Amino acid sequence: MSDQAVLHVKGRVLVGPEDVRDELWVVDGRISYDRPAGARDVRTVEGWTLPGLVDAHCHVGLGPHGPVDAATAEKQALTDREAGTLLIRDAGSPSDTRWVDDRDDLPKIVRAGRHIARTRRYIRNFAHEIEPDDLVAYVAQEARRGDGWVKLVGDWIDRDLGDLAPSWPRDAVEAAIAEAHRLGARVTAHCFAENSLQDLVEAGIDCIEHATGLTEDLVPLFAARGVAIVPTLVNIATFPDLAAGGEARFPRWSAHMRRLYERRYDTVRAAYDAGIPVYVGTDAGGSLAHGLVAGEVAELVTAGIPPLDALAATSWAARAWLGRPGLEEGAPADLVVYESDPRADVRVLASPRRVVLNGQVVE
């Protein structure tokens, strides 16, 4: 090792919620807890260190009107990186972002392929828009294109009803989820309303995005099945504006969206109290800015989740859920260093002191 440059990270290294070490070393982009012998050009970074943060609902390559060019997608990814987000579950994108995998300076992405929605029942240019008879085939297609996830649009406004309504019949989602599982992919679904959830969970879905419709009677079902939720509270904060914009045409929908917004914190806390896994996701992309991961963690705390568990939802627990390493021996050195202990105050996450990606200090 005499000719290798080395990064020395010291202070407090939060390997896990209670596993705190004094230092780690980065050699050839990977973590070691053994001091390398004969190393040269040792650079030292000091502070409170976490694994690179996770945004488990993010859309790189997506803008307000659909896919964006590579330069715009790069800016999105860099904005997330600057916020300390080094692992993204891209919960649906119409853009091909595989080129990101060749860039050591951009966050790692776990893709769910492109959204799969019912015809004329989602945002234009975002999704494959299909009918139930084609759902299994499209789920199989996106399972093969993704990185172990498929994204359905579980409900959306039905203009004839003037309110949110399920997108798919029960038999269609049962067959589609079974096919995804056969291909080794997990399935998640966008769901705002209450009436889409039971069928999806009983059909074997693995995760629900937003989950604003999670009611007291559905909580035990989610808990029993181990179905995770990603609440995206920084996105749910936009519901009042959305409701105001749709008031004239869809008053039932507007009133429904306001009710979902008003009980959002109670919904998340009830899920947490029941043991439902809760993870951090911002819904960045589309119309929402990137780089909001610290704000989402703070929202989970506001909802009543203890700070340590809210922190785990964007770090140790989230990485384990996605099957990606944290600060283990030999893992890629993706980490964020802060001035003070984020376990004591999650607001620290908004101001990273240093961001290290693949062993390189990038911020």
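About the cut-offs
Residues numbered from 1 in each chain as written. Predicted model: local features only at pLDDT ≥ 70, side-chain atom pairs only at ≥ 80, totals over all residues. Heavy atoms only, no water. Helix = DSSP H or I, 4+ residues; strand = E, 2+ residues; numbered from the N terminus. Buried < 20%, exposed > 50% of the residue type's maximum accessible area, 1.4 Å probe, protein only. Contact = heavy atoms within 4.5 Å. Areas by Shrake-Rupley, 256 points an atom, 1.4 Å probe, with all protein chains shown as cover. Lys, Arg positive; Asp, Glu negative; His and termini not counted. Charge placed at Lys NZ, Arg CZ, Asp CG, Glu CD. Salt bridge = Lys/Arg side-chain N within 4 Å of Asp/Glu carboxyl O. Polar contact = N/O pair within 3.5 Å; in protein donor to acceptor, adjacent residues only side chain to side chain. Phe/Tyr/Trp six-rings, centres within 6.5 Å; stacked < 30°, edge-to-face > 60°. Lys NZ or Arg CZ within 6 Å of the ring centre and 35° of its normal. Core = buried A, V, L, I, M, F, W, Y, C linked by side-chain atoms within 4.5 Å. Pairing = 2+ DSSP bridges. Axes fitted to C-alpha atoms, helices over the stretch in contact; angles between N-to-C directions. Patch = residues over 30% accessible without salt bridge, like charges linked within 9 Å, V, L, I, M, F, W, Y side chains within 5 Å.

Undergrad: Give me the overall build of the protein: which residues, what numbers.
TA: On a plain count of helices and strands, the protein comes out with 12 helices and 20 strands. For the protein, the spread of C-alpha atoms along the three principal axes comes to 70 × 40 × 35 Å. Looking at the protein as a whole, 55% of its 363 residues are labelled buried. By sequence separation, contacts in the protein at least 24 residues apart represent 65% of the contacts at least 6 residues apart. When the accessible area of the protein is evaluated, it comes to approximately 14,700 Å², of which 47% is carbon and sulfur surface. Computed over 40 positive and 56 negative side-chain charges, the separation of the two mean positions in the protein equals 2 Å.

Undergrad: Quick one: what's the story with the pattern of salt bridges, residue by residue and with numbers?
TA: Applying the stated criterion across every chain yields a total of 23 salt bridges. Between Lys-108 and Asp-334 there is a salt bridge; the shortest N-O distance is 2.6 Å. With Lys-108 in strand β9 (residues 108-111) and Asp-334 in the loop between α12 (316-322) and β18 (335-338), this residue pair connects regions lying 226 residues apart in the sequence. Two residues, Glu-142 and Arg-145, come together in a salt bridge whose shortest N-O distance is 3.2 Å. Remark: Arg-145 and Glu-142 occur in helix α2 (residues 135-145); sequence separation between them is 3 residues, near one turn of the helix. Note on Glu-142: relative accessible area 2%, which makes it buried.

Undergrad: Explain the side chain of Asp-206 residue by residue, including any values.
TA: As for its position among the elements, Asp-206 is in the loop between α4 (197-202) and β16 (207-210). One buried charged side chain, Asp-206, makes no salt bridge at all; its nearest oppositely charged neighbour is Arg-186, positioned 5.8 Å away. A distance of 2.8 Å separates a polar atom in the side chain of Asp-206 from a polar atom in the side chain of His-181.

Undergrad: Give me the packing of aromatic side chains: which residues, what numbers.
TA: Two aromatic rings are characterised by how far apart their centres lie and by the angle between their planes. For the coordinates displayed, the defined rule picks out 6 aromatic pairs. Look at Tyr-122 and Phe-126: their rings are 6.1 Å apart centre to centre, the planes differ by 80 degrees, and that puts the pair in the edge-to-face class. Among the aromatic residues, ring-to-ring pairing joins Tyr-122, Phe-126, Trp-156, Phe-192 and Phe-239 into one connected group. Here the basic side chain of Arg-264 rests over the ring of Tyr-261, its NZ or CZ set 3.9 Å away from the ring centre.

Undergrad: Provide a residue-level description of the nonpolar core, including the pertinent values.
TA: Ranked by internal contacts, the top residues of the largest apolar core, which has 61 residues, are Leu-135, Leu-152, Ile-205, Ile-208, Phe-222 and Leu-300. With near-sequence residues (within four places) excluded, Leu-300 lies in contact with Pro-231, Leu-233, Val-268, Val-278, Val-280, Ile-305, Ala-310 and Ala-313. Membership of the second largest hydrophobic core comes to 18 residues, among which are Phe-126, Ile-157, Leu-164 and Leu-260.

Undergrad: Describe the sheet that holds strand β5 (residues 53-58), and please don't skip the residues or the numbers.
TA: The strand order across the open sheet built from 3 strands is β5-β8-β9, with neighbouring strands paired in parallel fashion. The sheet is open, and its two edges are formed by β5 and β9, each paired on a single side. Here the average twist between neighbouring strands, direction ignored, is 20 degrees. Relative to β9, strand β8 (residues 85-90) is paired through 4 bridges, and the arrangement is parallel. Along β9, the bridge assignment pairs Asp-90 with Arg-111.

Undergrad: I'd like a rundown of the sheet that holds strand β1 (residues 5-14), residues and numbers included.
TA: In sheet architecture, strand pairing relies on hydrogen bonds along the backbone and comes in two forms, parallel and antiparallel. Read from one edge to the other, the open sheet built from 7 strands follows the order β3-β2-β1-β4-β18-β19-β20, with strand pairing classed as mixed. Unpaired on one side and paired on the other, β3 (30-32) and β20 (360-361) mark the two borders of the sheet. In this sheet, strand β4 (residues 40-51) lies alongside β1 in parallel orientation, the contact comprising 9 bridges. Looking across to β4, one finds that His-8 is bridged to Thr-44.

Undergrad: Go over a positive patch on the surface with me, naming the residues and quoting the values.
TA: A surface patch of positive charge is lined by Arg-120, Arg-124, Arg-159 and Arg-249. On the secondary structure map, Arg-120 appears in the loop between β10 (116-118) and β11 (128-130). Overall, the relative accessible area of 67% leaves Arg-120 in the exposed class.

Undergrad: Can you explain the pairing of strand β2 (residues 20-27)? Please cite residues and give values.
TA: Taken together, the 7 bridges between β1 and β2 define a ladder with antiparallel strand orientation. Residue Val-9 lies in a different strand from β2, and its bridge partner there is Leu-24. Taking the residues that link successive antiparallel strands as the turn, the β1-β2 hairpin has 5 residues. Sheet topology places β2 next to β3; 3 bridges connect them, and they run antiparallel. The residue bridging Val-27 from the neighbouring strand is Arg-30, located in β3. The antiparallel hairpin formed by β2 and β3 contains 2 residues in its connecting segment, where Asp-28 sits at a positive phi of about 55 degrees.

In short, the description is geometric, and any link to function would need to be established separately.
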